[in-house]
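Reading the structure
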Amino acid sequence: MTARDEQEKMPVRFDERWCKGCNICVAYCPKGVLAKGTRVPSIANPTACSRCKLCEILCPDYAVTVSDEKEGKQ
Amino acid sequence: MTARDEQEKMPVRFDERWCKGCNICVAYCPKGVLAKGTRVPSIANPTACSRCKLCEILCPDYAVTVSDEKEGKQ
Amino acid sequence: MSDLVKKYLRTEKMPHIWCPGCGHGTVLGAVIRAIDAVGLDKNKVCIVSGIGCASRAPGYMDFDTLHTTHGRALAFATGIKLAKPELNVIVLTGDGDLAAIGGNHFIHAARRNIGITTICFNNSIYGMTSGQFSPMTPKGHLATTAPYGNIDRDFDLCDLARAAGATYVARSTAFHARQLSDLIAKGMRHDGFAFIEAVTQCPTYYGRKNKIGDAIAMLNWMKERAIPVKAAERLSREELKNRITTGELYRVEEPEYSKEYDRMVAEVMAKEESR
Amino acid sequence: MSDLVKKYLRTEKMPHIWCPGCGHGTVLGAVIRAIDAVGLDKNKVCIVSGIGCASRAPGYMDFDTLHTTHGRALAFATGIKLAKPELNVIVLTGDGDLAAIGGNHFIHAARRNIGITTICFNNSIYGMTSGQFSPMTPKGHLATTAPYGNIDRDFDLCDLARAAGATYVARSTAFHARQLSDLIAKGMRHDGFAFIEAVTQCPTYYGRKNKIGDAIAMLNWMKERAIPVKAAERLSREELKNRITTGELYRVEEPEYSKEYDRMVAEVMAKEESR
Amino acid sequence: MKRAQLMQGNEAVAYGAIAAGCRFFAGYPITPSTEVAEIMAELLPRHGGKFIQMEDEIASMAAVIGASLTGAKSMTATSGPGFSLKQENLGFAALTEVPCVVVNVQRGGPSTGLPTSPAQADVMQARWGTHGDHPIVALTPSSVRECFDLTIEAFNISEELRVPVILLLDEVIGHMREKVVLPEGGQVELVERPRPTVGPEEYRPYDDRSGDVPPMADFGSGYRWHVTGLMHDATGFPVGPGKVTEALIRRVTGKVDSRVEELNIYEEENLDDAEIAVVAYGSTARTALRAARQAREQGLKVGVLRLMTIWPFPDHLIKRVADQTKRIIVSEMNLGQLVREVERAAGGRAKVEHLGRVDGELITPDQILAVIKEA
Amino acid sequence: MKRAQLMQGNEAVAYGAIAAGCRFFAGYPITPSTEVAEIMAELLPRHGGKFIQMEDEIASMAAVIGASLTGAKSMTATSGPGFSLKQENLGFAALTEVPCVVVNVQRGGPSTGLPTSPAQADVMQARWGTHGDHPIVALTPSSVRECFDLTIEAFNISEELRVPVILLLDEVIGHMREKVVLPEGGQVELVERPRPTVGPEEYRPYDDRSGDVPPMADFGSGYRWHVTGLMHDATGFPVGPGKVTEALIRRVTGKVDSRVEELNIYEEENLDDAEIAVVAYGSTARTALRAARQAREQGLKVGVLRLMTIWPFPDHLIKRVADQTKRIIVSEMNLGQLVREVERAAGGRAKVEHLGRVDGELITPDQILAVIKEA
Amino acid sequence: MQRFEIRLSGSGGQGLITGGIILAEAAAVYDDINAIQSQSYGPEQRGGASKSDVVISNGEIDYPKVTRPDVLLAMTQESCDKYAPGLKPGGLLILDSTYVSKVPTLDARVVEFPISQAAREAGREIVANIVALGVVAGLTGIVTREALEKAVLDRVPRGTEELNRRALARGYELAESVQG
Amino acid sequence: MQRFEIRLSGSGGQGLITGGIILAEAAAVYDDINAIQSQSYGPEQRGGASKSDVVISNGEIDYPKVTRPDVLLAMTQESCDKYAPGLKPGGLLILDSTYVSKVPTLDARVVEFPISQAAREAGREIVANIVALGVVAGLTGIVTREALEKAVLDRVPRGTEELNRRALARGYELAESVQG
Ligand SMILES: Cc1ncc(C[n+]2csc(CCOP(=O)(O)OP(=O)(O)O)c2C)c(N)n1
Ligand SMILES: Cc1ncc(C[n+]2csc(CCOP(=O)(O)OP(=O)(O)O)c2C)c(N)n1
Ligand code: SF4
Ligand code: SF4
Ligand code: SF4
Ligand code: SF4
Ligand code: SF4
Ligand code: SF4
Ligand SMILES: [Mg+2]
Ligand SMILES: [Mg+2]
């Protein structure tokens, strides 16, 4: 599996240009999927993600995108 | 009885300089004491006056003064 | 009255400029009876107004009197009250002055609960400028700027005052002049922002434009529409339309603004000293 | 979200100027989700704001957008709506912009029941000017102009809106972003003046000054304090102190202002013709 | 149909506005301008336009700008105190280049002053009342017919240059009733703001490449552009200090300043051989005409320069008059306002004198005659 | 005790106000003036004074006037947009002769403009921003120490003449931190408004018989007088058009105009033999000094006239300088404001040139040097 | 005819503002000559002496205000006292003898008519202003009778046309009584 | 010493505004010479390159702004790239090698120190601004060490005095390392 494949398999994607590192997404992910990172949060526990999109909705910087379940499973 | 005496016996006095002839006092006197006059209202029925002071309180021009009962009876 | 008139009014300025039958004079009478009832020291009363027929009232009153710019009376009054809290600051204002251009100062003075007694001479019109509609002109009524009938809704000024933070709110009319002066007196005794709406008549413009008739007819109109607050509580919203609910509508005790300032200063100084 | 972001935001202007953790971004997200949910035509939406951090939002939104003067958004918006009623006019404003300098336009827009959806980004502070207290800063809290604790009381903005005449009133928070966008969407569908208070966080000034902590701590604070309107109805005034009542707080159907204007014109023209 | 009418200046402004295509009016009543609002309230609903009475003058100015952004020609009317309140948003219109017409019927100031008496003491305020360097045009009618004509002119200039235009009446002109014959609908030449000829994709709302007055799209017409009172670039979005900002300020002011000659409407009488020129505008210009005519009858070489555009100020006219004459008398109902500009422009070439009056009455011909005969 | 401090201009204004006896401040935050309010909020409670943040600038100006009527020396501070909003009530203070100080820290305009960048483009607005003829004084400090000193001066003038005084900073002066040594409390000379010497019975609040600045009683001290923004007579009550009104306007404006020489604070450097004079104020005056000094080093006869009072405008100074020099360069961060006055006052006696800058940056010495060397 | 200045004065309720407007309209609209009408506004207008000024000319009217009226109509004593001194020397002073008893002495032709009384006789005192217009026009010929009658009928409330026509005729009659 | 211009630049969080104020206070308050500090305000200051300018002179300071700094401190690459071109020819460029890797070529004396690294070693990276002040003062002698130390201790939060003293000393050491 290439790195790119791996990234695509991830349930959430971060936009490094927009993320300001507030860690709101990390704090409020109900499944503990995310963890503080250096520039943007990291995905500590990708399989736990329920695709609830709370991270996406709460992110003040539109820097998180949760992929649709279907898309994620492909 | 001089004219002055007579006037003093009146329960209400009008100030001609201030009265603007709106006839509010006439309309709301509960005892029908007052009547429309030429420049100021006239006192049509002085003895009926109950000294309720409504005319005085409603007059927008402070042109009516109701004498105190005592004073009036002197 | 004549004693009170002599005591509290600048009689040398009379007769006043108000039209025959204008209710403003009656409301001003209620104000001075309230001042007398409360027993305020004439040298410690300051009357502030904006611009409008109603706002000409202070010129006839024998106190420190301030006739400001249109709508700003409460903002000037706030400066006076905070700078010299021992003064009894009374604002006399019109429905245009207070509710149109002055609306922001109204809600903020109420919010701060600053100790100012505000009496709004509400004649539902801009009298001074000859009869344009105000925020208190009922929908459908006529005015020079509403030649086809006003499409604006009007405020419930008392409810607005309460929602903004006023701690004493009352309403009466020029017809109920005795009740009115009692409610004003209560407002003056209240420690905080007190608002009294005095419904009154402008026969010259509002009455004439809307064919209500002369001052007497307008007073009758108030008499018929008025309903004491207790009785109003039993009526539905629909039934209360076009009625004038009178009496003390709201009252709570909360710290007055200039006193809060003093409290804050005392705390600061205490901390400084205890350092 | 990213699809909606691309569809409704001017992504080339990103990242936006708001600080890390500032809740304004979250609230703006809720606004665009509501616009999408209601299905508004992008070419028929006009976003208007005043001045402040919150008021920078329109610059990021791909509609006709108008960034006006401080406090005046609703007055500009009123001109737009009346001149072109087919536009969906949305006002995005801050608590300072709307409730301080803009208070008068707020109550009058509500009074007229003009069809404008107003969303107040309430962070209880003047963010743009670096942390002075606003009319929504709770009493006792700190701000650069309240170094010893604020002595001003704050407004209940929703109650004020209702008392002024708003026909749809709701409140939610940045934390409750889903509920928030639902309530905004309802407001957009409402025909009349719709007001939505969005409680949000300014970690940079309000959070720091008051030692509430970072954005996350502030969101927690909202979460803890929020109480749905149904639950709030069972609590006393005292118990509701420091709580944030959320949900649809008020709603009635009354004729919208620009429609009333059209009705008036139709009547006038009908009369003319029947002459 | 009656052709001649007796009409107030304020009425003529309202009729002029309708004739100019004005379809939105927002105002707040104030003496002595209120008739403008009252007549607009009557006319607009019958002409497919909108009238609204706002909560104050600030809101009125704001609503007018908002309406103009949708494409409607828009106007407000006020007097001194209200004019002071409109200043902040007037500056917004100037910088964002939103066309609008602001009528100020001058009364006695400062403050509440003399609400029902004439003055011409808002002349400098009309130019400098808002903060920052900004463009403005101000017109001063002297008759009821001119109220009508200059209102149309005000809209035309405002639309053509995307600049706020002040119509500066005084109480005499606003309130007096005068015989007037108004032109038929078709006889009036109207100007519309430049609108974009390109599609939304290419539209840059503050692009100066096509000239110093960029085309303006109506809100709601699909262009989705941004308007801000911050300094902005050609696309309309905020910029900080620097060249773009400088270019913006210079363009928005320059579009008026560079057209000073074409914007300056004036009338001169008997200046050719005059030794004394009376410079005046508004109602006092009528006094000046009478005084100068009387002076001529008495054999004195007096002429009149009557300004209908006072801002941008016509330096070139004054320079010419200063070269031609020995004395310039500026007669205005204030303590010396436009005279400062005349003095500046004259640059010592002629003696500049001021005849002011501030008691709330119109300057009389006798007053001017007395000054003429003084030196 | 540390004698020297590093302090912002805005801070120095606040400390100056306290030293001047200011005990009331009402304001509304706006960049770049906010520090004045913030420091007053800190200082006033500890000095027995009152601070209030009002709902807007209109209310702030109103509250300041109200407080001053009770006898408290009062101040507000703002920047461009807020200054525009204060104009109506500023005119009220001018006509009712209520002392007060208004600080305007100038930023880039018009409209919201460049909120954090310097400009000097509210100079004409400071004079003409409110409607009607009215008196005004405006001071322009060039250093942090001068912020302190001129704030005291502003209060002193305001109290002495019962006139609003504008303290016109620019963002450079307001925000820069400079070394400053402030005088001790006792070293500052303070002026109080004239207060009545007669009892309430005889008191006539606008009586000019004792001079052109009538005594003013504190509200609440038993005088029970009337204040109105309408034209009024000696007793303070409204009058209509006529002589009384005229006398009032002439007195309230005349009390400032007649004192132009004593009110004009300025500094000149190397003007004696100068062929070129640079006229400047505020931060650009510092640029001018540097440029002129550099020019001198290069053997050019350049001097500087630095104005600390710009209103009333010192015609007499300019006339003198115009007679002495060949060229006057007016250097200001705007498109040409005070230069109009210089041109007018110079009356053709010297060539008047303008060096403006409107990109949001301070004019540099090189720019002035370049103009000096041009002709 | 050259510039001609007329001042109609009386008290607030006597309809003289309307009177001035009608006179100016008669000239401007129906006689097609120039006319300007002006009045004072403001609270003072509510009580006391009120005036309505008209300038009529078949040339251009430059200065719009009345300074020294050629004709002064005074319908109350107060207005007579206040404005009579301003009358042009040799001018015409028309007094309503119903209300004016003290006739001032001045360099003018003074004529007195019971104008309000005549109005009452014509039907209602409220048309005294129209009677007055008839008198003024009758004595001066400043506007044609035809024009004035049209102007009057334009302005008066529907249903009162006859009354006003009568009043106007009464005015002309009064005027003729001195001229004839 | 004559007019001397110093620009401290870096990113928002590095404390350089405070650094400039401390430097100016050292000069003004403790060395009793003249000093002016200025900075840019506004939203742009929130992110990106930030700068704090100081002018020091024992004569009068007329023009208050830094135009061509004698010394430029750059603590990030972005600020180095942005401000280095403005340095006075022959001036001194001080780089924090912890963050600046691309050294510009220009007519200047360029010195590099691991300033932020040194701050970490002294206790916490947050005192990098104080280390930098030590470096600047050590290299230029523009303020005395005594004055600078006092100015630093005036401004820093209580309880961090030792840390800051250490940081300042570290800065001087670094400076000496090139001079010695
Ligand atoms: C800034 C400003 N705008 C408008 C006016 C004109 N104006 C004077 S009084 C008034 C309305 C007064 O109405 P209200 O307060 O109801 O008083 P009323 O005359 O009815 O008693 C208006 C619009 C003004 N003086 N100042
Ligand atoms: C007339 C005027 N007064 C003051 C300001 C300064 N100012 C800009 S934004 C602001 C407050 C903003 O507060 P808020 O609306 O709550 O927005 P936030 O920044 O908190 O999102 C102030 C006072 C201004 N720009 N214009
Ligand atoms: S919430 Fe958004 S901005 Fe904050 S850390 Fe997560 S992705 Fe970054
Ligand atoms: S979608 Fe939900 S579960 Fe998945 S990362 Fe986001 S918040 Fe966590
Ligand atoms: S109520 Fe007063 S003003 Fe009216 S008629 Fe009676 S006395 Fe006269
Ligand atoms: S006192 Fe009462 S009863 Fe007597 S006249 Fe007056 S209203 Fe009538
Ligand atoms: S116009 Fe109306 S409000 Fe004004 S004085 Fe006359 S009646 Fe009273
Ligand atoms: S200052 Fe506060 S409100 Fe403004 S962007 Fe930063 S966090 Fe948000
Ligand atoms: Mg009213
Ligand atoms: Mg806020």
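First, a word on scope: everything that follows refers to the structure included in this document. (Residues numbered from 1 in each chain as written. Chains lettered and ligands numbered in written order. Predicted model: local features only at pLDDT ≥ 70, side-chain atom pairs only at ≥ 80, totals over all residues. Heavy atoms only, no water.)

Turning next to the site of ligand 2. Contacts to ligand 2 come from 24 residues, most closely from H24, C53, D95 and D97 of chain D together with E57 of chain F. For ligand 2, an oxygen atom lies 2.8 Å from a polar atom in the backbone of C53 of chain D. Backbone polar atom of I125 of chain D to an oxygen atom of ligand 2: 2.9 Å apart, as the coordinates give it. Relative to its unbound accessible surface of 580 Å², ligand 2 loses 98% to contact with the protein. Put simply, the parts of the chain that give the shell around ligand 2 at least two residues each are α4 (95–100) of chain D together with α4 (80–96) of chain F. Sort the elements by how many residues they give to the shell around ligand 2 and α4 of chain D lands first, with three residues. For the shell around ligand 2, the class distribution of residues is twelve nonpolar, eight polar and four charged. (Near = heavy atom within 4 Å. Polar contact = N/O pair within 3.5 Å; in protein donor to acceptor, adjacent residues only side chain to side chain. Areas by Shrake-Rupley, 256 points an atom, 1.4 Å probe, with all protein chains shown as cover. Helix = DSSP H or I, 4+ residues; strand = E, 2+ residues; numbered from the N terminus. Nonpolar A, V, L, I, M, F, W, Y, C, P; charged D, E, K, R; others polar.)

A separate point is the state of the cysteines. By the definition in use, this model includes zero disulfides over all chains. With no disulfide of its own, C22 of chain E lies 11 Å from the sulfur of C100 of chain E, the closest cysteine sulfur. (Disulfide = S-S within 2.5 Å.)

To continue, consider the packing of aromatic side chains. One pass over the structure, following the stated rule, counts 26 aromatic pairs over all chains. Directly above the aromatic system of Y250 of chain C lies the positively charged group of R162 of chain C, at a separation of 5.9 Å from the ring centroid. Sitting over the ring of W128 of chain F, R127 of chain F keeps its end group 4.1 Å from the ring centre. (Phe/Tyr/Trp six-rings, centres within 6.5 Å; stacked < 30°, edge-to-face > 60°. Lys NZ or Arg CZ within 6 Å of the ring centre and 35° of its normal.)

Considering the arrangement of structural elements, one finds N43 of chain C in the loop between α2 (24–38) and β1 (45–49). For the pair N43 of chain C and L87 of chain C, spaced 44 residues apart in sequence, the C-alpha separation works out to 8.6 Å. Dropping the residues within four chain positions of it, N43 of chain C is found in contact with L87 of chain C together with G220, S221, G222 and R224 of chain F. At 2.8 Å, the side chain of N43 of chain C and the side chain of R224 of chain F are in polar contact. (Contact = heavy atoms within 4.5 Å.)

Evaluation of the coordinates by the stated rule reveals 122 salt bridges over all chains. Taking the shortest distance from any N to any O, the salt bridge between R171 of chain D and E197 of chain D comes out at 3.0 Å. Of this pair, R171 of chain D sits in strand β5 (residues 168–173) while E197 of chain D sits in strand β6 (residues 194–199), and the two are 26 residues apart along the sequence. Notably, a salt bridge pairs E146 of chain F with R306 of chain F, separated by 2.7 Å at the nearest N-O pair. Of this pair, E146 of chain F sits in helix α6 (residues 144–161) while R306 of chain F sits in strand β13 (residues 302–307); the two residues are 160 residues apart in sequence, bridging distant segments of the chain. Overall, E146 of chain F belongs to the buried group, its relative accessible area being 12%. Among the residues examined, R306 of chain F registers a relative accessible area of 6% and is labelled buried. (Salt bridge = Lys/Arg side-chain N within 4 Å of Asp/Glu carboxyl O. Buried < 20%, exposed > 50% of the residue type's maximum accessible area, 1.4 Å probe, protein only.)

Here we take up a nonpolar patch on the surface. Residue and element names in this part refer to chain G. On the surface, a nonpolar cluster with roughly 170 Å² of combined accessible area is contributed by V103, L106 and V110. Among the secondary structure elements, V103 is positioned in the loop between β5 (91–96) and β6 (108–113). Under the relative-accessibility criterion, V103 is labelled partly exposed at 35%. (Patch = residues over 30% accessible without salt bridge, like charges linked within 9 Å, V, L, I, M, F, W, Y side chains within 5 Å.)

In this section: the relation of the copies chain E and chain F. Relative to chain F, chain E is turned by 180 degrees and slid 0.0 Å along the rotation axis, the superposed coordinates differing by an RMSD of 0.0 Å. Taken together, the turn and the small shift mark the pair as related by a two-fold rotation axis. Of all interface residues in chain E, 100% are interface residues in chain F too; the two copies therefore contact each other through one and the same surface. (Least-squares fit on C-alpha atoms with pLDDT ≥ 70 in both.)

Residues and elements named next belong to chain C. Each protein donor to the magnesium ion (ligand 9) is listed here as D95 (OD), N123 (OD1) and I125 (O); together their distances run 2.0 to 2.1 Å. Mapping the donors of the magnesium ion (ligand 9) onto the primary sequence gives the spacing D-x27-N-x1-I. With D95 in helix α4 (residues 95–101) and N123 in the loop between β4 (116–122) and α6 (157–164), the pair connects residues that are 28 residues apart, well separated along the chain. Residue classification places N123 among the buried residues on the basis of a relative accessible area of 4%. (Donors = N, O, S within 2.8 Å, 3.2 Å for Na, K, Ca; no water.)

Moving on: the site of ligand 6. With respect to spatial proximity, 13 residues lie near ligand 6, and among them C29, C49, C52, K53 and C55 of chain B are the closest. Counted by class, the shell around ligand 6 contains nine nonpolar, one polar and three charged residues.

All names here are of chain E. Spatially, five strands are ordered β11-β13-β12-β15-β16 in an open sheet, and the strand pairing comes out mixed. Looking at which strands have only one partner, the edges of the open sheet turn out to be β11 (266–269) and β16 (351–356). Across the sheet, the axes of successive neighbouring strands diverge by a mean angle of 20 degrees, strand direction being ignored. Judged from the six bridges that link them, strand β15 (residues 327–332) and β16 form a sheet pairing that is parallel. (Pairing = 2+ DSSP bridges. Axes fitted to C-alpha atoms, helices over the stretch in contact; angles between N-to-C directions.)

Let us look at the arrangement of the chains. Across the twelve pairs of chains in contact, the largest number of contacts is found between chains E and F. No part of chain A reaches chain C; the closest C-alpha pair between them is 32 Å apart. In this view chain B stays clear of chain G, with the nearest C-alpha atoms of the two still 10 Å from each other.

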